[in-house]
Protein chains: 2
Amino acid sequence: MTKLYHYPLDPFCRRIRISVAEFGGELELIEERPWDGRIEFLKMNPTGLVPVMIADDDTVIAGIEAVEGYLEDTRDENTPSQLGVTPAERAETRRLVAWFDGKFHHDVSAPLLIEKIVRRFVPPEAGGGAPNMNKVRAALDKIRPQLEYIGTLTQERNWIAGNEITIADFAAASHLSVLDYLGDVPWSANKQAKAWYQRIKSRPSFRSLLADKIQGMPPPRIYADLDF
Amino acid sequence: MTKLYHYPLDPFCRRIRISVAEFGGELELIEERPWDGRIEFLKMNPTGLVPVMIADDDTVIAGIEAVEGYLEDTRDENTPSQLGVTPAERAETRRLVAWFDGKFHHDVSAPLLIEKIVRRFVPPEAGGGAPNMNKVRAALDKIRPQLEYIGTLTQERNWIAGNEITIADFAAASHLSVLDYLGDVPWSANKQAKAWYQRIKSRPSFRSLLADKIQGMPPPRIYADLDF
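Residues numbered from 1 in each chain as written. Chains lettered and ligands numbered in written order. Predicted model: local features only at pLDDT ≥ 70, side-chain atom pairs only at ≥ 80, totals over all residues. Heavy atoms only, no water.

Asks: Looking at this model, I keep getting lost on the overall build of chain A. Mind explaining?
Replies: Assigned secondary structure in chain A consists of nine helices and four strands. Of the regular secondary structure in chain A, the N- to C-terminal order runs β-α-β-α-β-β-α-α-α-α-α-α-α. Compactness check: chain A gives a C-alpha radius of gyration of 17 Å against a globular reference of 17 Å for 228 residues, within 12% of the reference. Dimensions of chain A, computed from the C-alpha atoms along their principal axes, are close to 50 × 45 × 30 Å. Taking the contacts inside chain A whose residues are at least 6 apart along the sequence as the reference set, 67% of them involve residues at least 24 apart. For chain A, the exposed surface amounts to about 10400 Å²; the carbon and sulfur share of it is 50%. Looking at charge distribution, chain A has the averaged site of its 28 positive side-chain charges lying 7 Å from that of its 33 negative ones. (Helix = DSSP H or I, 4+ residues; strand = E, 2+ residues; numbered from the N terminus. Rg over C-alpha atoms; globule rule 2.2 N^0.38 Å. Contact = heavy atoms within 4.5 Å. Areas by Shrake-Rupley, 256 points an atom, 1.4 Å probe, with all protein chains shown as cover. Lys, Arg positive; Asp, Glu negative; His and termini not counted. Charge placed at Lys NZ, Arg CZ, Asp CG, Glu CD.)

Pasting the structure below:
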């Protein structure tokens, strides 16, 4: 079976897990804590980042861009692309994936993950310790404008990038699901964004994410609740 | 004609300029200084980043990921992909593009561009002023290991990602060409990397880059010299 080196709360790994499930595939998940800097893992991906996928023929596919492209390149010819159909639709999907994996990640999910998760697991000499609350607050302040953007997009369209679901939805939902695990999403701030997340959270492809548990750090009750 | 909003020393715009030329296309270049935060530009790309491409039918294609994908999606069916042929080759190309656009950019080209270019053009209240020499030195120190990596890759293979030229070469060369404009590449440190750059620099698709001039900041003589 195809293997995925992943960290449960990494938004990029979550996107791949959704994407594979939506394509009807299965993954054997292997937990990797990228901050450990394991030599054997660095040999597979010199950036040290998850996800890394190992195909059935042992091909190593390293990094979110490569894994996403590989899933598209090897999909069954009768299975629709998860990027959209026309070049213009696909450009809009890619623009929005870059928005969530760039801007949203940089401003919100990366600082929250570093402060609330990574610093809990690394030794003090590597930057471990209590979260820097100034950084946490700065990141939290940027969630509402992101919910508003999602609200605006999904009011004009059925899904984030257009009328069909795409990896732009998987990307946005992956980042938000990580914050949701941390109990940090003010869902009541935007009804439209909440309705969109409810739709995507109810999909079978999302189930394995809702079952994730980080040891010593259980999610709030609403995390796995479809009526949150 | 297809338009490209670009900044001459932006490595992502340079990659697109090479890519379009290698596909046999032409671009009308429109200079955009992304740090100006021009409202009309932000409407085209809310991230505020270049490149933004305007297709002949006025479709706006915003950001490097969308533009690259659009060029692939709309290429003539007889024109080979610039990503490689097999899914494994294409995964390797994408891994290395992510390396240069992620790691190399973060560690080297982004800090050097900010310190040496952006700070020269923005007002003091927006962070303008003399370069922070500690940041400049930290970035310069990371160029040699990158040249070594390119040397190792191109010793094993003909080009960076395999035996054919791909966008991984265009990405690596784009970042290096920006540093070369700033006079910052210690070419003598790695013969193999230099030989690879010489090959790519000699291609017709590279010519327009070598003619770039930033006002008040001419490149060193060797920048446009094919025997550097």
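On we go.
Asks: Can you help me understand the environment of glutamate 65 of chain B in this one?
Replies: Topologically, glutamate 65 of chain B is positioned in helix α3 (residues 64-73). Between the C-alpha atoms of glutamate 65 of chain B and leucine 226 of chain B, which are 161 residues apart in sequence, the distance is 30 Å. Excluding residues within four positions of it along the chain, glutamate 65 of chain B makes contact with Arg94 and Ala98 of chain A.

Asks: Quick question: what am I supposed to make of the sheet that holds strand β3 (residues 52-54) of chain B here?
Replies: Within a sheet, neighbouring strands are paired by backbone hydrogen bonds and run either parallel or antiparallel to one another. Residue and element names in this part refer to chain B. Here we have four strands laid out as an open sheet, ordered β2-β1-β3-β4, and mixed in their pairing. Each edge of the sheet is formed by a strand with only one pairing partner; in this case those strands are β2 (28-31) and β4 (60-62). Going across the sheet, the axis of each strand differs from the next one's by a mean of 20 degrees, ignoring polarity. Here three bridges tie β3 to β4, and the two strands are oriented antiparallel to one another. Bridge pairing in β4 places methionine 53 opposite isoleucine 61. (Pairing = 2+ DSSP bridges. Axes fitted to C-alpha atoms, helices over the stretch in contact; angles between N-to-C directions.)

Asks: Would you take a moment to explain the sheet that holds strand β1 (residues 3-6) of chain A for this structure?
Replies: Residue and element names in this part refer to chain A. If you trace the four strands from one edge of the open sheet to the other, you get β2-β1-β3-β4, paired in mixed fashion. Only two strands of the sheet have a single neighbouring strand rather than two, namely β2 (28-31) and β4 (60-62). Here the strands of the sheet are splayed against their neighbours by 20 degrees on average, with no regard to which way each runs. Pairing of β1 with β2 involves four bridges; the strand directions are parallel. Bridge assignment links lysine 3 to a residue of β2, and that residue is glutamate 28. Taken strand by strand, helix α1 (residues 11-22) contacts β1 and β2, and its axis lies near 155 degrees from that of β1.

Asks: Before we go on, may I ask you to explain the relation of the copies chain A and chain B in this structure?
Replies: Under the fitted operation, chain A is carried onto chain B by 0.0 Å of movement along the axis and a turn of 180 degrees, and the coordinates agree to an RMSD of 0.0 Å. Here the copies are linked by what is in effect a two-fold axis. For chain A, the minimum C-alpha distance to the rotation axis belongs to glutamate 65 of chain A and amounts to 4.9 Å. Interface overlap between copies: 100% of the residues of chain A at the interface are likewise at the interface in chain B, consistent with a symmetric, same-surface contact. (Least-squares fit on C-alpha atoms with pLDDT ≥ 70 in both.)

Asks: What am I meant to see in the pattern of salt bridges here?
Replies: Any two side chains of opposite charge can pair, on the condition that their charged atoms come close. All names here are of chain A. Summed over the entire model, instances satisfying the criterion amount to 36 salt bridges over all chains. In this structure, glutamate 32 and arginine 38 form a salt bridge, with 2.6 Å as the shortest nitrogen-oxygen distance. For arginine 38, a relative accessible area of 37% translates into the label partly exposed. A cluster of three or more residues bridged by salt bridges with shared partners is formed by Arg14, Arg17 and Asp212. (Salt bridge = Lys/Arg side-chain N within 4 Å of Asp/Glu carboxyl O. Buried < 20%, exposed > 50% of the residue type's maximum accessible area, 1.4 Å probe, protein only.)

Asks: What should I look at first to understand the environment of proline 87 of chain A in this one?
Replies: By the secondary structure assignment, proline 87 of chain A is in helix α4 (residues 87-121). Separated by 37 residues in the primary sequence, proline 87 of chain A and valine 50 of chain A have C-alpha atoms spaced 29 Å apart. When near neighbours in sequence (up to four residues on either side) are disregarded, proline 87 of chain A contacts Tyr70, Asp73 and Thr74 of chain B.

Asks: What should I look at first to understand the packing of aromatic side chains in this one?
Replies: The description of an aromatic ring pair uses the distance of the two centres, along with the angle that the planes make with each other. Per the stated rule, a full pass over the model turns up 22 aromatic pairs over all chains. Members of the aromatic cluster, joined through ring pairs, are Trp187, Trp196, Tyr197, Phe206 and Phe228 of chain A. Taking the ring centre of tryptophan 159 of chain A as reference, the NZ or CZ of arginine 199 of chain A above it sits at 4.1 Å. We note lysine 194 of chain B situated over the ring of phenylalanine 228 of chain B; from NZ or CZ to the ring centre the distance is 5.2 Å. (Phe/Tyr/Trp six-rings, centres within 6.5 Å; stacked < 30°, edge-to-face > 60°. Lys NZ or Arg CZ within 6 Å of the ring centre and 35° of its normal.)

Asks: Mind showing me how you'd approach the interface of chain A and chain B here?
Replies: The extent of an interface is frequently quoted as the accessible surface area lost upon association of the parts. Taken together, the contacts link 20 residues of chain A with 20 residues of chain B. Interface of chain A and chain B: buried area, both sides summed, is about 1700 Å²; carbon and sulfur atoms make up 71% of it. In terms of surface lost to chain B, no three residues of chain A exceed Asp73, Arg94 and Arg95 of chain A, which account for 27% of the buried area on that side. The interface formed by chain A and chain B contains four salt bridges. For the salt bridge of aspartate 73 of chain B with arginine 94 of chain A, the shortest nitrogen-to-oxygen distance reads 3.0 Å. Our count for the contact surface shared by chain A and chain B stands at four residue pairs in polar contact (both at pLDDT 80 or more). (Buried area = accessible area lost by both parts, 1.4 Å probe. Polar contact = N/O pair within 3.5 Å; in protein donor to acceptor, adjacent residues only side chain to side chain.)

Asks: Explanation requested: the confidence of the model for chain A in the structure shown.
Replies: Where the model shows low pLDDT, its predicted coordinates should not be examined in detail. Looking at chain A, pLDDT values average 97 and 100% of them are 70 or higher. Complex prediction metrics read pTM 0.97 and ipTM 0.97. (pLDDT = per-residue confidence, 0-100.)

Asks: In this structure, what is going on with unusual backbone geometry? I would like to understand it.
Replies: Backbone geometry follows two general trends: most residues other than glycine have a negative phi, and most peptide bonds adopt the trans configuration. Residue and element names in this part refer to chain A. Here the bond from valine 50 into proline 51 is cis, since omega is 0 degrees, no more than 30 degrees from zero. Phi is positive for aspartate 58, close to 70 degrees, though the residue is something other than glycine. Mapped onto the secondary structure, aspartate 58 falls in the loop between β3 (52-54) and β4. Since its relative accessible area comes to 59%, aspartate 58 is described here as exposed.

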